[in-house]
Amino acid sequence: MSALALDAEHLYAELLAQVRAFLAQPAWVGAQLVGIWSGGAWLAERLHRDLGREGLHGVISSRLHRDDFGSRGLAATADATQLKQSIDGAPVLLVDDVLWTGRTTRAVINELFDYGRPARVALAVLVDRGGRELPIEAQLAAARISLPREQQLHLRRSGDGFELEVQAC
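These remarks concern the structure in this document.

Calculation criteria
Residue positions are given per chain, counted from 1 along the sequence in the order it is written. Only residues with pLDDT of at least 70 are given local features in this predicted model, and only at 80 or more are side-chain atom pairs given and counted; all residues enter the totals for whole chains, interfaces and linings. Each side-chain value is derived from all of the structure's non-hydrogen atoms; neither hydrogens nor water enter the calculation. Throughout this description, the term nonpolar core refers to a set of buried Ala, Val, Leu, Ile, Met, Phe, Trp, Tyr and Cys residues connected via side-chain atoms within 4.5 Å. With a 1.4 Å probe rolled over the protein chains alone, any residue whose accessible area is under 20% of its type maximum counts as buried; one over 50% counts as exposed, and the rest are partly exposed. Strands are runs of DSSP state E lasting at least 2 residues, helices are runs of H or I lasting at least 4, and numbering of each runs from the N terminus. Contacts are assigned to residue pairs that have any heavy atoms within 4.5 Å of one another. How far a helix is expected to stretch is found by multiplying one less than its residue total by 1.5 Å.

### Considerations on the nonpolar core
For step 1, the next point in the chain: L93 and L126 are the most contacted members of the largest nonpolar core, which has 30 residues in total.
For step 2, the next point in the chain: For this core, the secondary structure elements donating two or more residues are helix 1 (8-23), helix 2 (39-50), strand 3 (91-99), strand 4 (120-128), strand 5 (140-144), strand 6 (151-158) and strand 7 (161-168).
For step 3, the next point in the chain: It is helix 1 that contributes the most residues to this core, eight residues altogether.
For step 4, the next point in the chain: Contacts of L126, omitting those with residues within four sequence positions, involve L11, Y12, L15, L43, D96, D97, A141, A142, A143, L155 and L164.
For step 5, the next point in the chain: By size, the runner-up hydrophobic cluster in this structure holds 15 residues, among which are V92, L99, V125 and A141.

Rendered as structure tokens:
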């Protein structure tokens, strides 16, 4: 197995530049940043701050709409959805750390629509690792890689920054 080296801070800088340009498009001005619990929430928090945005970013959980809810159940209450503003008629940029099968994103979109009807929804991720099982696509990705199914990619907070770690399942 070969080693995969990903510099999370370099990837974050790339994602920040992409998000800044994306949110400057007329259809996305004023979009709400909503981070997917947990890695996406960390990224959305930092993006919100680094973009100098007013107010607070939102956090959304996939736990109530997961297709494996029967086996996982309700884990903890700490990851409950917290949308700071109404999403009705607003553009929403979902933010996540790693896009893999698309199942978490599908669950999050279901959760999002429990809170209203956004004008449009896009997805920004730090890493798109391929292996999709559903027709879900990230409009923005700092890196697109191929990773074997038996490996996982984890984002960890490290002080004021981030680290990415590849682990065997």
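### Considerations on helix 2
For step 1, the next point in the chain: Given a rise of 1.5 Å per residue, twelve residues ought to cover 16 Å, and the 17 Å separating the end C-alpha atoms of helix 2 matches this to within 8%.
For step 2, the next point in the chain: Along helix 2, the residues classified as buried are G39, G40, A41, L43, A44, R46, L47 and H48.
For step 3, the next point in the chain: Just downstream of helix 2, G52 is the residue with a positive phi angle, here 65°.

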